[in-house]
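Structural overview
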Amino acid sequence: MRILVAAIVAVLAVAAASYLTLHLLSSSEPLYSVGLGVEFNTHATPVWVALHDNLFSKYGINVSSVLKFRTGLELAAALARGDVKVGWACLGPALVIIDKGIPIKIVAKVHNHGYALVVNSSRIKSVEDLNGRVVYSPGKGSPCYLLLLKIEDVYGIKFKAIKFMPPATLLSALLSGEIDAAAVPEHYASVAESRGLKVLVRSQDVWPNMPGSYIIVNSELLEDHPDLVKKLIQVTCEGIKRIKQDLSYVASVDSKVLGIRENVAQHSINMLDWNTTLDTEEIQEYIDFMYEHGVLHNRLNATDIVVNLELQESGGS
């Protein structure tokens, strides 16, 4: 009897060990934990979809926190402070903090475009009507600010001044008639349009292939956990795939996250060119434009700040 019991115990021990081994092998993906910094708009649609569909978990990433920012400038400042180590942010703000010596790398592109000049059409009929007038944007160094500079160059006009407010405040000021013209990012431009304001100029009209958002990471994170960064890119690319496969579904996700109507979300998403091709020359042209207009103190070299991990094919372009 004792021999039988001992044999049974031995068999159970072997079975338990085998199960544990198989379980560990099946869980070979390392579980990373990371906080995300995200702009609170449709530029971050791939992230909203990834969070909604648990794509981060699929790639072995535990999202410890999601910090939402009104603008890329605020997100970039958070990266500079070390509040977050990875963010999905517009290129201009990323370059502003890199220009200040913050060790940040650009590792992937998310989209082109997504910025527009919105006006009160009862007072402003054409771009020329804005010559010598005050216009608004979210902040110096923001892509909307750069769009206004590009409009001055292309149309040969000069604004009296460019003043600053957060995007939501700009939208409210436009709707109330407090201001007549402002450059805003999506989704605010599409919301404004749905409320009767006029989109006078989109970035597509004056700046072909204007860079939009990128994944930017703390250099230390990239050095210590390159596999994590690769997975973050893969998650983003899968989110972009879902945008292209089922726009209606993705718009429903954005609608819930951002608190806007689904048709407005869908229109806004369509205003962005979801393009994951990481083009160093495109970034260098952007840098040169910012430097020539006094936004950057140094003419940065794009090759020094871009790390191409060559995963763009995962999301298509």
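Further up the page is the structure itself.
**Brief notes about the nonpolar core**
Counting 60 residues, the largest nonpolar core has L36, F56, V86, W88 and I215 as its most contacted members. The dominant element in this core, judged by the number of residues it contributes, is helix 11 (residues 226-245), at 8 residues. Contact partners of F56, with chain neighbours within four places excluded, come to L36, V47, A50, L51, I61, V63, W88, L232 and V235.

**Side note on the pattern of salt bridges**
What the rule picks out here adds up to 13 salt bridges. A salt bridge links E282 to K109; its shortest N-O distance comes to 2.8 Å. One end of the pair, E282, is in helix 14 (residues 280-292); the other, K109, is in strand 4 (residues 104-109), and 173 residues separate them in sequence. As far as the burial class goes, E282 and K109 line up, both buried.

**Observations concerning the packing of aromatic side chains**
Counted by the stated rule, this structure contains 5 aromatic pairs. On the numbers, 6.2 Å between centres and 75° between planes, the contact of F40 with W48 is edge-to-face. For F40, a relative accessible area of 25% translates into the label partly exposed. Take W48: its relative accessible area is 2%, and that puts it in the buried class. Taken together, the ring pairs connect W207, Y286 and F289 into an aromatic cluster. Residue placement shows K150 over the ring face of W207; its charged tip is 4.5 Å from the ring centre.

**A short note on the packing of helix 12 (residues 247-258) against helix 13 (residues 262-270)**
Where helix 12 contacts helix 13, the axes come no closer than 8 Å and their chain directions differ by 115°. It follows that helix 12 is roughly perpendicular to helix 13 by the angle criterion. Like other packed secondary-structure pairs, helix 12 and helix 13 cross with a definite hand, here right-handed. Touching L247, S248, V250, A251, S252, D254 and S255 of helix 12 are E262, A265, Q266, I269 and N270, all from helix 13. For the contact of helix 12 with helix 13, the residue count by class is 5 nonpolar, 5 polar and 2 charged.

**Some thoughts on the pairing of strand 6 (residues 134-137)**
When strand 6 meets strand 7 (residues 161-164), the two strands line up parallel, connected through 4 bridges. For Y136, the partnering residue across the bridge sits in strand 7 and is K163. You can see the chain leave strand 6, run along helix 6 (residues 143-155) and come back into strand 7, and the turn it takes is right-handed.

**Considerations on the environment of F56**
If you trace the backbone, F56 turns up in helix 3 (residues 55-58). On the accessibility criterion, F56 (3% relative accessible area) is buried. Between the alpha carbons of F56 and Q234 there is a distance of 9.3 Å; along the sequence they are 178 residues apart.

**A look at the sheet that holds strand 3 (residues 86-90)**
The strand order across the open sheet built from 5 strands is 2-1-3-10-4, with neighbouring strands paired in mixed fashion. Edge positions in the sheet fall to strand 2 (61-69) and strand 4, since each of these pairs with one other strand and no more. Neighbour to neighbour, the strand axes of the sheet diverge by 25° on average, direction disregarded. Of the pairings in the sheet, the one linking strand 1 (residues 32-39) to strand 3 comprises 2 bridges and is parallel in character. By the bridge assignment, V38 is partnered in strand 3 with W88.

**Focus: empty space enclosed by the protein**
Under the definition given, this model contains 2 cavities of 30 Å³ or more. In this structure, the largest cavity occupies an estimated 100 Å³ of space. Every residue lining the largest cavity is counted, 15 residues in all, and those nearest its centre are E39, G72, S142, P143 and P185. Breaking the lining of the largest cavity down by element, the ones donating at least two residues are helix 4 (72-81) and helix 6.

**Considerations on unusual backbone geometry**
Going from E186 to H187, the amide bond is cis rather than trans, its omega being 15°. You can see H187 is positioned in the loop between strand 8 (181-185) and helix 8 (188-194). Not every positive phi belongs to a glycine, and H113 is a case in point at roughly 65°. With respect to the helices, strands and loops of the structure, H113 is situated in the loop between strand 4 and strand 5 (115-119). A positive phi angle, near 60°, is found at N209, a position not held by glycine. With respect to the helices and strands, the residue N209 is situated in the loop between helix 9 (203-206) and strand 10 (213-218).

Scoring rules and cut-offs
Each chain carries its own residue numbering, running from 1 in the direction its sequence is written. It should be noted that, the model being predicted, local features are given only for residues of pLDDT at least 70 and side-chain atom pairs only at 80 or more, the latter also being counted only at that level, while totals for whole chains, interfaces and linings use all residues. Hydrogens are left out, water is left out, and the side-chain values use all remaining heavy atoms of the structure. Think of a nonpolar core as a cluster: buried Ala, Val, Leu, Ile, Met, Phe, Trp, Tyr and Cys residues, connected wherever their side-chain atoms sit within 4.5 Å. Three labels apply to residues, based on accessible area from a 1.4 Å probe with only protein chains included: buried if under 20% of the type maximum, exposed if over 50%, partly exposed otherwise in between. Secondary structure elements follow DSSP: runs of H or I no shorter than four residues count as helices, runs of E no shorter than two count as strands, and numbering proceeds from the N terminus. Should any heavy atoms of two residues lie within 4.5 Å, those residues are considered in contact. Throughout this description, the term salt bridge denotes a Lys or Arg side-chain nitrogen within 4 Å of a carboxyl oxygen of Asp or Glu. Within 6.5 Å between ring centres, the rings of Phe, Tyr and Trp (the latter by its six-membered ring) count as paired, and their orientation is classed by plane angle as stacked under 30 degrees, edge-to-face over 60, tilted in between. Lysine NZ or arginine CZ positioned within 6 Å of the ring centre and within 35 degrees of the ring normal marks a charge as sitting over the ring. All axes are obtained by fitting lines to C-alpha atoms, using only the stretch in contact for helices, and the reported angles, taken between N-to-C directions, cover 0 to 180 degrees. When describing relative orientation, an angle under 35 degrees is termed roughly parallel and one over 145 degrees roughly antiparallel, while 65 to 115 degrees is termed roughly perpendicular and anything else oblique. Put simply, a crossing is left-handed when the front helix is turned counterclockwise from the back one by less than a right angle, and right-handed when it is turned clockwise. Only Asp, Glu, Lys and Arg are considered charged, only Ala, Val, Leu, Ile, Met, Phe, Trp, Tyr, Cys and Pro nonpolar, and every remaining residue, Gly among them, polar. When DSSP finds two or more bridges between a pair of strands, those strands are recorded as paired. With the strands pointing away from the viewer, any crossover whose connection runs clockwise from the first strand over the helix to the second is right-handed. Put simply, the grid is 1 Å and covers the protein atoms alone, a cavity is a trapped set of points that fit a 1.4 Å probe, a pocket is an open set with protein on both sides within 12 Å along at least five of seven lines, and lining residues have an atom within 4 Å of a point. Grid points are joined across faces, edges and corners, and a volume is the space filled by probe spheres set on the points.

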